[in-house]
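Fold and contact review
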Amino acid sequence: MQKSMHKKRRIVPSKQWYTALLTTISQAFQLKKNPLPWGRAIGAGICSGIPVLLGLLAGNLPYGMLAGIGSFTYLYVFNIPYAQRAKKLLFVMLGLAFSVGLGTLVAPHPLAAAIIVGWIGAVATFIFGAYKVAGPAAIFFVLGFSLATGMPIDQSAAPLRAGLVLLGGALAWVMGMSGWLRNPHGPETTAMKKVYLELAKFMDSVGSAEAQEERQKLVLLLKSAEETLYAGHVSWQQSGEYQRLHSLNDQANAIFLDILAHMDQSKDRLPAHFGRSVRAIASALGEKEKRQQEEKQREEPYEQSEVTERLQASIREALAVLEAPVASLEQERIGRRPSFWVVLGGSFDKNSIVFLTSVRFGLILAVAAILAYSFELNRSYWVTLTCAAVMSGSTIIATFHRAIQRSIGTVVGILVAIIVLAAHPHGLLIAVFIMLLTALTELSIVLNYGLAAFFLTPNALLLAESMGQQQSLSFYASARLIDVLLGCAIGLVGTLLIGRRQASALLPHYIAKTIRSQQQYLLTLFSEQKNHSDLRASMERRKMQTNLSNLRIVYTTATGEIPSDKTKLEFLWPVIFSIEQIGYLLESCLKSAQCPILPDQTLSQLLLVFENMAKSAERQTSSAKKTIPLISGFPQLEREIRELQDALIMSTKA
């Protein structure tokens, strides 16, 4: 028996590598089923084209192209609250201007430029990772710096170049914020719509095999919606519509807890009209004229209980909030988001996956730049840009995908560039091509990154030709192809050599760390300490939230490693699921007026249970089950702690 087991262990890894390689290659060419972002694509095209048109009108196309670098700010526009978007876009436009100015200053010193481009990439990756901001992260900062180092050397032009980029960024900022005039709380409303639609799906799934999966989706959406609402909060101006959305978020949480209470007591399905009522709330959000029409729902007879009555009352309360006049809504205290330094401090740790990923990104980027300068390649910055693009994948598998997509996409893109540049575009035609190629890039990138490279490459070659660099098309095409292949190779090799199993190694540490932070928050929440401190702004709460977020990132990263222990990760998923559920339930206790002060004996037993689970996760050894004491008024929390204890025992045995 043992011999056969050893034989399997010798054979399986090679099969896993072969299978993983084939799967990775096939996945790189799959088209995602995402809706095409027409509005975003048109906006990006306009932002990139207007500076070029203004440069043409002023008789100085290179200046227009420089301002066009600032227009990349628009590519960081996502559906986030306008209060947060304004600050994010301001940071991006200033960062792009700074990168171009700094690149101009250090252009005569290749070694310094290589070190600084690594530093820029690391800092941008760290900030975007710490704040978990969607978007291209460091790529366009690296692009601005690299393009500046490839321009004619003129250190005195640094203020002018940075200023032109800043003007292009200002245009993108205005366009990115233009939706605020029409719908100032559009992103927050969209987030609440998603919550209520998922809440209805969860209601429909109660009593079926899909209930757990829908529950997990809903918890993530509830957490995301709350973060969105906090991000949209402006302390000096709190509108009635924002208050309505905040109250609806509280009601969504109350409804979710009532559903969990029903699941504790019964395996029966919920009445269908419950889900329809919740969907009516979702469809009426942001549509004032529909609210009155969709208030009433046809009710079917069902077996009533105390829990279902409470659930129905919560749904009616949500409908009442939706219909209530703004003046009648109770002004609630809105918690503040952690400060900039608190957020960065939470990720600045030797075991933080965000910090380690940022260091790796910057180090490999600097090496790529040094190698490109050492080989004295023409337009060597394309090596650095490609390396940055390849490493922007969130996991090692995603990095492989990017390398494959970038390589093949560039080859096809060069063919497209030959067709475009064969027409010898000049004047207005250059601006039209740039607008068109930018828009097509934004449309295709949501489907497949390789498809986007079809349009990225001719756009880059058109930019190089239009900046007045008198070289043949074959020169640009061959240089681009060689540099892209070299950049892909450096990015891939560097990612594989540095920390390819980093996330898997960190998982036990992060599981234990998160459990201990929940232990400390639970102690504060259910003891007399809560009467002497502001729990919403407490250090214990911030630590728990940071650790929960980091744990999810580490687990997701571990699933994308090559090779990865799929069996181990599958057994760990119930552990991650229960930890996230406990985190959500602890947050719900904070909002509840019935949160009790537990006796010292009960608290001591709970602390023992959490410490036992943390040690089990840290040492990856099974330990004896501990008795979970009664938590008055919160049976769901008690049950979830028990499930976490069982999940940890199962995972360590596996």
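Residues numbered from 1 in each chain as written. Predicted model: local features only at pLDDT ≥ 70, side-chain atom pairs only at ≥ 80, totals over all residues. Heavy atoms only, no water.

On to the overall build of the protein, then. For the protein, the helix and strand inventory stands at 26 helices and zero strands. Across the 654 residues in the protein, those meeting the buried criterion constitute 53%. Residue pairs at least 24 apart in sequence account for 81% of intrachain contacts in the protein once pairs closer than 6 positions are excluded. (Helix = DSSP H or I, 4+ residues; strand = E, 2+ residues; numbered from the N terminus. Buried < 20%, exposed > 50% of the residue type's maximum accessible area, 1.4 Å probe, protein only. Contact = heavy atoms within 4.5 Å.)

Turning our eyes to something else, we now look at the pattern of salt bridges. This model, assessed by the stated rule, comprises 15 salt bridges. For the salt bridge of arginine 310 with aspartate 258, the shortest nitrogen-to-oxygen distance reads 3.1 Å. Taken together, the residues arginine 310 in helix α14 (residues 306-323) and aspartate 258 in helix α11 (residues 240-265) connect sequence positions 52 residues apart. Looking at arginine 310, the relative accessible area reads 37%, which means it is partly exposed. (Salt bridge = Lys/Arg side-chain N within 4 Å of Asp/Glu carboxyl O.)

This part is about the side chain of glutamate 580. Here glutamate 580 lies in helix α24 (residues 566-591). Within the structure, the side chain of glutamate 580 is placed 2.9 Å from the side chain of arginine 552, a separation counted as a polar contact. With residues up to four places along the chain from it excluded, the contact list for glutamate 580 reads Gln216, Val219, Leu220, Leu548 and Arg552. (Polar contact = N/O pair within 3.5 Å; in protein donor to acceptor, adjacent residues only side chain to side chain.)

Secondary-structure assignment places leucine 463 in helix α20 (residues 449-466). Under the relative-accessibility criterion, leucine 463 is labelled partly exposed at 22%. Remark: the alpha-carbon pair of leucine 463 and isoleucine 434, spanning 29 residues in sequence, is separated by 8.3 Å.

In this structure, Tyr196, Ile259, Ile511, Phe526, Leu637 and Ile641 are the most contacted members of the largest nonpolar core, which totals 92 residues. Excluding anything up to four places from it in sequence, leucine 637 contacts Phe526, Ile582, Leu585, Leu586, Cys589 and Ile631. Core analysis: the next-biggest nonpolar cluster, separate from the first, contains 63 residues, Val52, Ile116, Val142 and Ile364 among them. (Core = buried A, V, L, I, M, F, W, Y, C linked by side-chain atoms within 4.5 Å.)

Moving on to a nonpolar patch on the surface. Together, Leu363, Val367, Leu371, Phe375, Val493, Leu497 and Ile498 make up an exposed nonpolar region whose accessible area comes to about 630 Å². Within the residue set of the nonpolar patch, elements represented by two or more residues are α16 (353-374) and α21 (473-497). No other element matches α16, which puts three residues into the nonpolar patch. Mapped onto the secondary structure, leucine 497 falls in helix α21. When its relative accessible area of 69% is taken as the criterion, leucine 497 is described as exposed. (Patch = residues over 30% accessible without salt bridge, like charges linked within 9 Å, V, L, I, M, F, W, Y side chains within 5 Å. Areas by Shrake-Rupley, 256 points an atom, 1.4 Å probe, with all protein chains shown as cover.)

Mean pLDDT over the protein: 82, with 86% of residues reaching 70 or higher. When pLDDT is averaged over each element of the protein, helix α7 (residues 158-177) comes out on top at 94 and helix α13 (residues 288-291) at the bottom at 48. Overall, residues 1-14 carries pLDDT values under 50, and its contacts beyond four positions in sequence, including any with other chains, amount to one contact. Low pLDDT, under 50, characterises residues 289-296; the predicted model gives this stretch 13 contacts beyond four residues in sequence or across chains. (pLDDT = per-residue confidence, 0-100.)

The next subject is the packing of aromatic side chains. What the rule picks out here adds up to 13 aromatic pairs. Judged by centre distance (5.7 Å) and plane angle (50°), the ring pair of tyrosine 76 and phenylalanine 128 falls under tilted. Taken together, the positions of tyrosine 76 in the loop between α3 (61-70) and α4 (82-106) and phenylalanine 128 in helix α5 (residues 110-130) put the pair 52 residues apart, joining distant regions of the chain. With a centroid separation of 6.4 Å and an interplanar angle of 90°, the aromatic rings of phenylalanine 126 and phenylalanine 355 are classed as edge-to-face. Highlighted residues: phenylalanine 126 in helix α5 and phenylalanine 355 in helix α16, separated in sequence by 229 residues. Here a set of aromatic residues connected by ring pairs shows up, and it is made of Phe72, Tyr76, Phe91, Phe128, Phe140 and Phe141. Over the ring of phenylalanine 78 we find arginine 40, and its NZ or CZ is 4.5 Å from the ring centre. (Phe/Tyr/Trp six-rings, centres within 6.5 Å; stacked < 30°, edge-to-face > 60°. Lys NZ or Arg CZ within 6 Å of the ring centre and 35° of its normal.)

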